[in-house]
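Remarks on the overall topology
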Amino acid sequence: MAYKLGLLGLGTVGTGTAQIILDSLGRHPLLQELEIHRVGVRNLDKPRQVTFSADQLTTDLESIVIDPDIDIVVELIGGLEPARSLILTAISHGKHIVTANKAVISRYGNEIFDAANAKGVYVMLEAAVGGGIPVIQPLKESLGVNRIQSVMGIINGTTNYILTRMQTEGADFADVLADAQRLGYAEADPTADVDGLDAADKIAILASLAFAGRIKLEDIHCEGIRQVSAADIAYAEKLGFTIKLLAIAKRQSSTTPPAPPPGGAVDRLSIRVHPTLVPKTHPLASINGVYNAILVEGEPLGQVMFYGPGAGSGPTASAVVSDILTIAAILKTETEPIPHPLLSCTHQHYCAIAPMEELVTRFYTRFLTNDTPGVIGHLGTSFGNHGVSLESIVQIGMRDNQAEIVVVTHDVSEGNFLNALAEIRQLDAVMSIPSVLRVL
Ligand SMILES: NC(=O)c1ccc[n+]([C@@H]2O[C@H](COP(=O)([O-])OP(=O)(O)OC[C@H]3O[C@@H](n4cnc5c(N)ncnc54)[C@H](OP(=O)(O)O)[C@@H]3O)[C@@H](O)[C@H]2O)c1
Ligand SMILES: N[C@@H](CCO)C(=O)O
Ligand code: NA
């Protein structure tokens, strides 16, 4: 028996998906039982790398998601609408869903999973985080018995590609971004990549799996890479760090924890996306180019790192088709599929998120000051006034006739650090503070 697929989208990932399914030799034999029944696109006249008959190709995506012959709807159009409505309509018609759409899942996962659970269908999204890297299924299955302490990683290929080339070639941000778009890594609107929003969508999904509670996207502190300058990359390098856009979700202890929410979720999470100085000895420091890596720390496992191609046609399609295969395998072995306890979403409550002021971290800060005696002393005093202890403070040189001073703090609460910066901004000698970056 063939399992019939309705493919929504035949772009970068849709094309890779069709190519795997149409070239099944030497792959899992169950692939031969998959049939691409219909394909939805926006423009019928576009040249395609994979050709489908006029009967199969349509711009009427609604007709695909209600087609009684279709078992699995594979949503690869991206964006919020019509993706959300098409997924919900498909579910209401009893279709299983495979999607690579982190934007729709991180915003509408609650209604999509509720609808899927009510209908007894699966929603699979391995491709939505880390592209081809298996990370969703491991979190759901292989790591399920661990108490997870933290999930952190480089989960946006476009920004990692840009930062890597800025670091290794001193390349210009705009040129490298254009290359990332040409290579199919960047989203249609690269703002989501560059401003950290794509990574925020993905860490929301990872955290909800790791910490068994839903995450509100607006609770995630998010900074992108636009403010990372060539000067900071060079200074970080001299200090023994590499700058990476990290997404971090971590259990955070608090002196005044609120009552734990029902359902076993952890009481408080720190969850954030920002450019970070990563010590060169850290495993995430050597993840370069479009590669992604996700470091999971849990008890009793310890640390495990998932590494691989985080974007691109073939790698992402590998995850999409593996999800399709998982559903096909369930359909083959169970005549009455019931929600599989490890594959379906089982939590309904939201995780409590700690405010950023409570975050304890190190900071890197670059100051431009008048080149007058005692400036470093004034900075040290203001930091000391707010309990901020310094790991290093160096005058790097001169820029535009101003002294350039770089400070790295010891661990400090973000609230105390920001209070110290507010005091420092008032110092006569301080002209500007071009960069403030957190240090891992
Ligand atoms: N690219 C990656 O490396 C990557 C990695 C992981 C996850 N993802 C995710 O995968 C999804 C697809 O990304 P992509 O890079 O493959 O996008 P893409 O290359 O822009 O392809 C989108 C496809 O969807 C079709 N489409 C879009 N809106 C439509 C609409 N309203 N009606 C009908 N068809 C529509 C387009 O039709 P036409 O071809 O006719 O224009 C195109 O075939 C996104 O959710 C993305 O975030 C992508
Ligand atoms: N634009 C995304 C695609 C993979 O989700 C990235 O650069 O990582
Ligand atoms: Na993945």
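Everything numeric here is computed off the predicted structure, so don't read it as measured data.

Once that is clear, we can look at the overall build of the chain. Scanning the chain for helices and strands turns up 13 helices and 17 strands. Here the chain has a C-alpha radius of gyration of 24 Å; the compact-globule value for 440 residues is 22 Å, and the two agree. Summarising its shape, the C-alpha atoms of the chain cover approximately 80 × 50 × 35 Å along the three principal directions. Within the chain, the proportion of its 440 residues that are buried is 54%. Sequence-distant contacts in the chain: of pairs separated by 6 or more residues, those separated by 24 or more amount to 75%. For the chain, the exposed surface amounts to about 18500 Å²; the carbon and sulfur share of it is 52%. In the chain, 32 positive and 47 negative side-chain charges are present, and the distance between their average locations comes to 1 Å.

Our focus in this paragraph is the pairing of strand 5 (residues 96–99). Both faces of strand 5 are covered, namely the face carrying His-96 and Val-98 and the face carrying Ile-97 and Thr-99. When strand 4 (residues 72–75) meets strand 5, the two strands line up parallel, connected through 4 bridges. Looking at strand 5, one finds that Val-73 is bridged to Ile-97. In this fold, the crossover linking strand 4 to strand 5 by way of helix 3 (residues 83–92) has right-handed handedness. Here strand 5 pairs with strand 6 (residues 123–124) via 2 bridges, running parallel. Pairing of Ile-97 across the sheet is with Val-123, part of strand 6.

A few words on the coordination of the sodium ion (ligand 3). Taken together, Glu-126 (O), Glu-126 (OE), Val-129 (O), Gly-131 (O) and Ile-133 (O) make up the full set of protein donors to the sodium ion (ligand 3), lying 2.3 to 2.7 Å away. In the primary sequence, the donor residues of the sodium ion (ligand 3) line up as E-x2-V-x1-G-x1-I. Residue Ile-133 is classed as buried on the basis of its relative accessible area, which comes to 2%.

With respect to spatial proximity, 24 residues lie near ligand 1, and among them Leu-10, Asn-43, Lys-46, Arg-48 and Gly-312 are the closest. In this structure, an oxygen atom belonging to ligand 1 sits 2.8 Å away from a main-chain N or O atom of Leu-10. Separating an oxygen atom of ligand 1 from a backbone N or O atom of Arg-42 is a distance of 3.0 Å. Compared with its free state, where it exposes 900 Å², ligand 1 has 85% of that area covered by protein. Here the shell around ligand 1 is built from residues that sort into 10 nonpolar, 9 polar and 5 charged.

Cis geometry is adopted by the peptide bond preceding Pro-82, which originates at Glu-81 and carries an omega value of 10°. Its place among the elements puts Pro-82 in the loop between strand 4 and helix 3. The residue after Glu-299, namely Pro-300, is reached through a cis peptide bond having omega 15°. Residue Ala-212 is not a glycine yet carries a positive backbone phi of 50°. By the secondary structure assignment, Ala-212 is in the loop between helix 9 (197–210) and strand 8 (221–222). Phi is positive for Asn-401, close to 65°, though the residue is something other than glycine. With respect to the secondary-structure elements, Asn-401 resides in the loop between strand 14 (390–399) and strand 15 (402–409). Take Asn-401: its relative accessible area is 73%, and that puts it in the exposed class.

Taken together, Lys-102, Asn-156, Gly-157, Thr-158, Tyr-185, Ala-186, Glu-187, Asp-193, Asp-198, Lys-202, Gly-310 and Ala-311 make up the full set of residues near ligand 2. Side-chain polar atom of Asn-156 to an oxygen atom of ligand 2: 3.4 Å apart, as the coordinates give it. The separation between a nitrogen atom of ligand 2 and a polar side-chain atom of Asp-193 is 2.8 Å. Listed by contribution, the elements that provide at least two residues to the shell around ligand 2 are helix 6 (157–169) and helix 9.

Turning our attention to the pattern of salt bridges. Summed over the entire model, instances satisfying the criterion amount to 22 salt bridges. Arg-438 is the salt-bridge partner of Glu-223, the closest N and O atoms lying 3.0 Å from each other. Within this pair, whereas Glu-223 is found in the loop between strand 8 and helix 10 (230–239), its partner Arg-438 is found in strand 17 (residues 430–439), the two being separated by 215 residues in sequence. By relative accessible area, which is 6% here, Arg-438 ends up buried. As a salt-bridge pair, Arg-366 and Asp-232 come within 2.8 Å of each other at their nearest N and O atoms. Taken together, the residues span a long stretch of sequence, with Arg-366 in strand 13 (residues 360–369) and Asp-232 in helix 10 at a distance of 134 residues. Each member of the pair, Arg-366 as well as Asp-232, is classed as buried. Residues participating in the shared-partner salt-bridge network are Arg-165, Glu-169, Asp-179 and Arg-182.

Before going further, it helps to examine the confidence of the model for the chain. Considering every residue of the chain, the mean pLDDT works out to 93; 96% of them sit at 70 or more. Model confidence for the chain, summarised as mean pLDDT per element, is weakest for helix 7 (residues 173–182) at 84 and strongest for strand 4 at 99. Scoring of the predicted complex yields 0.94 for pTM and 0.99 for ipTM.

The geometry of an aromatic ring pair is captured by the separation of the ring centres together with the interplanar angle, meaning the angle of the planes. Summed over all chains, the structure comprises 5 aromatic pairs. Taking 5.6 Å as the distance between ring centres and 70° as the angle between the ring planes, the aromatic pair formed by Tyr-161 and Tyr-185 counts as edge-to-face. Of this pair, Tyr-161 sits in helix 6 while Tyr-185 sits in the loop between helix 7 and helix 8 (191–194); the two residues are 24 residues apart in sequence, bridging distant segments of the chain. Grouping residues by exposure puts Tyr-161 and Tyr-185 together as buried. On the numbers, 3.8 Å between centres and 0° between planes, the contact of Phe-363 with Phe-417 is stacked. Highlighted residues: Phe-363 in strand 13 and Phe-417 in helix 13 (residues 414–425), separated in sequence by 54 residues. Of the two residues, Phe-363 and Phe-417, both sit in the buried class. Pairwise contacts between aromatic rings join Phe-363, Phe-367, Phe-383 and Phe-417 into one cluster.

Thresholds applied
Residues numbered from 1 in each chain as written. Chains lettered and ligands numbered in written order. Predicted model: local features only at pLDDT ≥ 70, side-chain atom pairs only at ≥ 80, totals over all residues. Heavy atoms only, no water. Helix = DSSP H or I, 4+ residues; strand = E, 2+ residues; numbered from the N terminus. Rg over C-alpha atoms; globule rule 2.2 N^0.38 Å. Buried < 20%, exposed > 50% of the residue type's maximum accessible area, 1.4 Å probe, protein only. Contact = heavy atoms within 4.5 Å. Areas by Shrake-Rupley, 256 points an atom, 1.4 Å probe, with all protein chains shown as cover. Lys, Arg positive; Asp, Glu negative; His and termini not counted. Charge placed at Lys NZ, Arg CZ, Asp CG, Glu CD. Pairing = 2+ DSSP bridges. Right-handed = clockwise from strand over helix to strand, strands pointing away. Donors = N, O, S within 2.8 Å, 3.2 Å for Na, K, Ca; no water. Near = heavy atom within 4 Å. Polar contact = N/O pair within 3.5 Å; in protein donor to acceptor, adjacent residues only side chain to side chain. Nonpolar A, V, L, I, M, F, W, Y, C, P; charged D, E, K, R; others polar. Salt bridge = Lys/Arg side-chain N within 4 Å of Asp/Glu carboxyl O. pLDDT = per-residue confidence, 0-100. Phe/Tyr/Trp six-rings, centres within 6.5 Å; stacked < 30°, edge-to-face > 60°.

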